[in-house]
Amino acid sequence: MTTHAPQAAQAVTLPTTLDEAVAALTAMPAAVPVAGGTDLMAAVNSGQLRPAALVGLGKISEIRGWQYQDGHALLGAGLTHARMGRPDFAALIPALAAAARAAGPPQIRNAGTLGGNVASASHTGDALPVLAALEATLIIAGPGGTRREIPVSHLLAGVDTLRAGELIGYVRVPLLHAPQVFLKATGRTGPGRALASVAVVLDPARRGIRCAVGAIAPMPLRPLEAEQWVAQLIDWDNNRAVVPEALQAFGEYVAAACIPDPAPAEDGTVAQHPPAVLHLRRTVAALARRALGRALS
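Now for a quick tour of the structure.

Definitions and cut-offs
Residues numbered from 1 in each chain as written. Predicted model: local features only at pLDDT ≥ 70, side-chain atom pairs only at ≥ 80, totals over all residues. Heavy atoms only, no water. Helix = DSSP H or I, 4+ residues; strand = E, 2+ residues; numbered from the N terminus. Rg over C-alpha atoms; globule rule 2.2 N^0.38 Å. Buried < 20%, exposed > 50% of the residue type's maximum accessible area, 1.4 Å probe, protein only. Contact = heavy atoms within 4.5 Å. Lys, Arg positive; Asp, Glu negative; His and termini not counted. Charge placed at Lys NZ, Arg CZ, Asp CG, Glu CD. Axes fitted to C-alpha atoms, helices over the stretch in contact; angles between N-to-C directions. Parallel < 35°, antiparallel > 145°, perpendicular 65-115°, else oblique. Nonpolar A, V, L, I, M, F, W, Y, C, P; charged D, E, K, R; others polar. Expected span 1.5 Å × (residues − 1). Pairing = 2+ DSSP bridges.

Let's talk about the overall build of the protein chain
Piece 1. Broken down by element type, the protein chain carries 12 helices and 11 strands.
Piece 2. The globule rule puts the C-alpha radius of gyration for 297 residues at 19 Å, and the 20 Å found for the protein chain is close to it.
Piece 3. Across the 297 residues of the protein chain, 47% fall into the buried class.
Piece 4. Taking the intrachain contacts of the protein chain between residues at least 6 apart in sequence as the baseline, contacts between residues at least 24 apart amount to 60%.
Piece 5. Between the mean site of the 24 positive side-chain charges and the mean site of the 21 negative ones, the protein chain shows a separation of 9 Å.

What follows is the structure, given as structure tokens:
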């Protein structure tokens, strides 16, 4: 990291296959992979990063599409937000398509990629709570043609990290064939960075609800107890009916789980959250309530 003016990279490699890209990164340990470059170029332009070399991933056609595999969708890491926002993809994974459409202005959606969103692991990444709620996994390409699979949540939490020479090749997402919703709140009208976001997906086969809250913590948060509680109140055999009071309580349950009350002090007094935190908590509650209501409607 540096505050000096950025300098041009000394070398640029443009592989055409995933294994060629891995080989290039292995041969040049200081090289930085780049796909859409929406985060990388911001760091370069601000003088925070001076890559010694770049490995461009834009010509690797195998990671720019998707395919079906054993009840899952295998999504290439090179899929752009613009491509994921199209109707055919929205019919496949609605919440991820909604997140892609909300990722920013057209120039960001046209360049930014699914793999880049995961690899940069920005807490405001719109795809991240959706992938957490879907319990997606990553197919990691390594040296010598090796492949390994890890949960997206493990990478985001730092439980497992990319090793030297490894790249995210694919994202494996279960196809639930059920309603999914993604909502986010921004600090301005129109596309922008999320102040808070919520993804809710239904899992009718297991009679379950999956929810993930993004942007309010370094990684998406799963309010597991709230999921289990509200799933028991849904009439899965009668059009997934639920009383309005349950939706309201679910929102409050999610918000309290993700932004808990301050712990009591040694003298027993309980401090109050500052107004900004209380507003964020109310925002999370509203997003969770609305997202579940839309998913069940």
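Things to note about the packing of helix α5 (residues 94–101) against helix α8 (residues 127–134)
Piece 1. Between α5 and α8, the shortest axis-to-axis distance is 9 Å and the interhelical angle comes to 170°. One way to sum up the angle between α5 and α8 is to call them roughly antiparallel. Contacts between α5 and α8 pair Ala 95, Leu 96 and Ala 99 from the former with Ala 127, Val 130 and Leu 131 from the latter.
Piece 2. When grouped by side-chain class, the residues that make up the contact of α5 with α8 number 6 nonpolar, no polar and no charged.

Details of helix α11 (residues 244–258)
Piece 1. Helix length check: α11, at 15 residues, gives a terminal C-alpha distance of 22 Å against a target of 21 Å (1.5 Å per residue), a fit within 8%.
Piece 2. Inspection of α11 places Ala 246, Leu 247, Phe 250, Gly 251, Val 254, Ala 255 and Cys 258 among the buried residues, and these make up the whole buried set.
Piece 3. Buried residues belonging to α11 abut β11 (208–214), α10 (224–231) and α12 (275–296).

Things to note about the sheet that holds strand β4 (residues 66–69)
Piece 1. Strand order in the open sheet formed by 5 strands is β4-β5-β8-β6-β7, and the pairing between neighbours is antiparallel. The two strands at the open ends of the sheet, each matched to only one other strand, are β4 and β7 (147–151). Each neighbouring strand pair of the sheet contributes to a mean axis angle of 25°, computed without reference to strand direction.
Piece 2. When strand β6 (residues 137–141) meets β7, the two strands line up antiparallel, connected through 5 bridges. Each residue of the ladder has a partner; that of Ala 141, found in β7, is Arg 147.

A look at the environment of Ala 255
Piece 1. Along the chain, the position of Ala 255 falls in helix α11.
Piece 2. The exposure class of Ala 255 is buried, given its relative accessible area of 1%.

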